[in-house]
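Chain and residue survey
Below, each chain spelled out in residue letters.
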Amino acid sequence: MANYKNGLETKESLYQSAKKIFYQKGYDKTTVKDIITDARTKQGLLNYYFGAKENLAVQIYKDFCNDVVFCVDEKKDELGSLPRGLLLDMIGYRAYFKALFTDDAVMRFYAEVSKLPLFARSMLDLRDYFFSLELESEAYTGINPRLKERRYFEYLKSLTVGMEIQVFRDVLEKQIDLELQDAVDWFFFDYYSFLFTDAGYIRENIEASRQVVSRFIFEITPTFEISLSVQAGRRL
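These notes cover the structure that comes with them. (Residues numbered from 1 in each chain as written. Predicted model: local features only at pLDDT ≥ 70, side-chain atom pairs only at ≥ 80, totals over all residues. Heavy atoms only, no water.)

Focus on the overall build of the protein
The line we're drawing: Only DSSP runs of H or I with at least four residues qualify as helices, and only runs of E with at least two residues qualify as strands; both kinds are numbered from the N terminus onward. As a reference, a globule follows 2.2 Å times the number of residues to the power 0.38, and the radius of gyration itself is taken over C-alpha atoms.
Across its full length, the protein holds 10 helices and two strands. Taken from the N to the C terminus, the helices and strands of the protein come in the order α-α-α-α-α-α-α-α-α-α-β-β. Relative to a compact globule of 236 residues, whose C-alpha radius of gyration would be 18 Å, the protein shows 19 Å and is just as compact. Expressed as lengths along the three principal axes of its C-alpha atoms, the size of the protein is roughly 55 × 45 × 45 Å.

What follows is the structure in structure tokens.
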């Protein structure tokens, strides 16, 4: 039992040290030695618990994304009548982009980590979850029937993940001259047009999600911890 507890503590120490140093230095300039020195442990234990620096960085990023979802979920009652279906999906997705672009260190981390092969694979897993949710939930209307074709489902996952990663890295690095929320609007219309058949329905929810998320204020600590407050405004 003591060894198990010590192992959990070592794993958590590595994780927290990595978050702190990735935030300070970015992914590219952080070395494994930086992490294990800060955690006061050995490289073999980092390899044992996480496999490699790449795995650790992607896990931190996935946890960051999950924390955004949790923050938004906690604040739903401040939005008025609870959004559902496509609007709720867009609010969460848009909030993710807003949180990502709130902090320079997080933007740098994204720009570097999003180039890793493992990052794209982890995003594919998330896309699989959300596509399946949209197919199975009665809250969504006008789903593209082709999503039920497995080959098209898999093709669309790869296509939309590639679109998202490249477009928002280019926006972040100023390769595309677009404000973030305009880029999100354009991306959303193209992305959701693959999933839903009614363009008017998509545009209506894009505008509504933009209004809602404009009230969101994210704060991010030097260890990637997130908090969200919602400004007063017109309720749904």
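After that view, the rundown keeps rolling.
Quick notes on a nonpolar patch on the surface
Threshold: By definition, no residue in a patch forms a salt bridge, and every one has over 30% relative accessible area; like charges are joined within 9 Å, nonpolar side chains (Val, Leu, Ile, Met, Phe, Trp, Tyr) within 5 Å. Each accessible area is a Shrake-Rupley estimate made with a 1.4 Å probe; only the visible protein chains count as cover when residues are assessed. Between Lys or Arg on one side and Asp or Glu on the other, a salt bridge is scored when a side-chain nitrogen of the former is within 4 Å of a carboxyl oxygen of the latter. Residue burial is assigned from relative accessible area. The probe radius is 1.4 Å, only protein chains are included, and a residue is buried under 20% of its type maximum, exposed over 50%, and partly exposed in between.
Where nonpolar side chains cluster on the molecular surface, the patch consists of Y129, F130 and L133 and spans about 270 Å² of accessible area. Topologically, F130 is positioned in helix 7 (residues 117-136). We classify F130 as partly exposed; its relative accessible area is 30%.

Digging into the side chain of K157
For the record, the criterion: Pairs of residues are marked as contacts when any of their non-hydrogen atoms sit within 4.5 Å.
Relative to the assigned elements, K157 resides in helix 8 (residues 150-172). Ignoring any residue separated from it by four or fewer positions in sequence, one finds K157 in contact with L124, R127, D128 and F131.

Quick look at unusual backbone geometry
Residues other than glycine seldom take positive phi values, yet R40 does so here, at roughly 55 degrees. A relative accessible area of 78% places R40 in the exposed class. Positive phi values are uncommon outside glycine, yet K174 reaches one of about 65 degrees. As for its placement among the helices and strands, K174 is situated in the loop between helix 8 and helix 9 (180-195). Its relative accessible area of 68% is what places K174 among the exposed residues.

Here we look at the pairing of strand 1 (residues 216-220)
Moving residue by residue along a regular strand, the side chains alternate between the two faces of the sheet. What counts here: Here, a strand pair is defined by DSSP locating no fewer than two bridges between the strands.
Residues F216, F218 and I220 of strand 1 are buried on one face, while the alternating residues I217 and E219, pointing to the opposite face, are not. The pairing of strand 1 with strand 2 (residues 226-230) spans five bridges and is classified as antiparallel. Within strand 2, the residue paired with I220 across the bridge is I226. Counted between consecutive antiparallel strands, the loop separating strand 1 from strand 2 contains five residues, among which F224 sits at a positive phi close to 65 degrees.

Structural notes on the packing of helix 6 (residues 104-113) against helix 8
Note the threshold: Each axis is a line fitted through C-alpha atoms, taken for helices only over the stretch in contact, and angles between the N-to-C directions span 0 to 180 degrees. An angle counts as roughly parallel when it lies under 35 degrees, as roughly antiparallel when it exceeds 145, as roughly perpendicular when it falls between 65 and 115, and as oblique in every other case. In this scheme, a crossing is called left-handed if the near helix is turned counterclockwise away from the far one by less than a right angle; it is called right-handed if the turn is clockwise. In this classification, the charged set is Asp, Glu, Lys and Arg, the nonpolar set is Ala, Val, Leu, Ile, Met, Phe, Trp, Tyr, Cys and Pro, and all remaining amino acids, among them Gly, are polar.
Relative to each other, helix 6 and helix 8 sit at 135 degrees, their axes nearing to 10 Å. Relative to helix 8, the element helix 6 lies oblique. The handedness of the crossing between helix 6 and helix 8 comes out as left-handed. Along the contact surface, helix 6 presents M107, Y110 and A111, while helix 8 presents E164, I165, F168, R169 and L172. Broken down by class, the residue content of the contact of helix 6 with helix 8 amounts to six nonpolar, no polar and two charged.

Quick notes on the packing of aromatic side chains
Given two aromatic rings, one states the distance between the centres and the angle between the planes to describe the pair. Keep this limit in mind: Pairing of aromatic rings covers Phe, Tyr and Trp, the last through its six-membered ring, and needs centres within 6.5 Å; plane angles under 30 degrees mean stacked, over 60 mean edge-to-face, and all others mean tilted.
What the rule picks out here adds up to 32 aromatic pairs. Plain terms: the ring middles of Y61 and Y96 are 6.4 Å apart, the flat faces sit at 80 degrees to each other, and that makes the pair edge-to-face. You can see Y61 sitting in helix 4 (residues 53-74) and its partner Y96 sitting in helix 5 (residues 85-100), a full 35 residues away along the chain. Judged on exposure class, the residue Y61 and its partner Y96 are both buried. Summarising the aromatic geometry, the rings of Y93 and F188 are spaced 5.3 Å apart at their centres and angled 35 degrees between planes, so their arrangement reads as tilted. With a gap of 95 residues between them, Y93 in helix 5 and F188 in helix 9 connect regions that are remote in the sequence. A relative accessible area of 12% means that Y93 is categorised as buried.

Structural notes on the nonpolar core
Keep this limit in mind: Here, nonpolar core means buried Ala, Val, Leu, Ile, Met, Phe, Trp, Tyr and Cys residues that are tied together by side-chain atoms lying within 4.5 Å of each other.
Counting 76 residues, the largest nonpolar core has Y96, Y192 and F216 as its most contacted members. With sequence-adjacent residues up to four places away left out, Y96 is seen in contact with Y61, C65, V68, Y110, M123 and E164.

Overview of the state of the cysteines
The test is simple: Cysteine sulfur atoms are paired as a disulfide whenever they fall within 2.5 Å.
Enumeration over the complete set of coordinates arrives at zero disulfides. Here C65 is not disulfide-linked; the sulfur of C71 is the nearest cysteine sulfur, at 12 Å.

Quick look at the side chain of R169
Convention followed: In summary, the charge assignment counts Lys and Arg as positive and Asp and Glu as negative, without counting His or the chain termini. For this analysis, a polar contact is any N or O atom pair within 3.5 Å, provided that within protein one partner can donate a hydrogen and the other can accept it, and provided that sequence-adjacent residues contribute only side-chain to side-chain pairs.
Relative to the assigned elements, R169 resides in helix 8. Notably, R169 is buried but unbridged: the nearest opposite-charge side chain belongs to E173, and the N-O separation is 5.0 Å. Of the polar contacts made by the side chain of R169, one reaches the side chain of S114; its length is 3.1 Å. Setting aside chain neighbours within four positions, we find R169 in contact with Y110, A111, S114 and K115.

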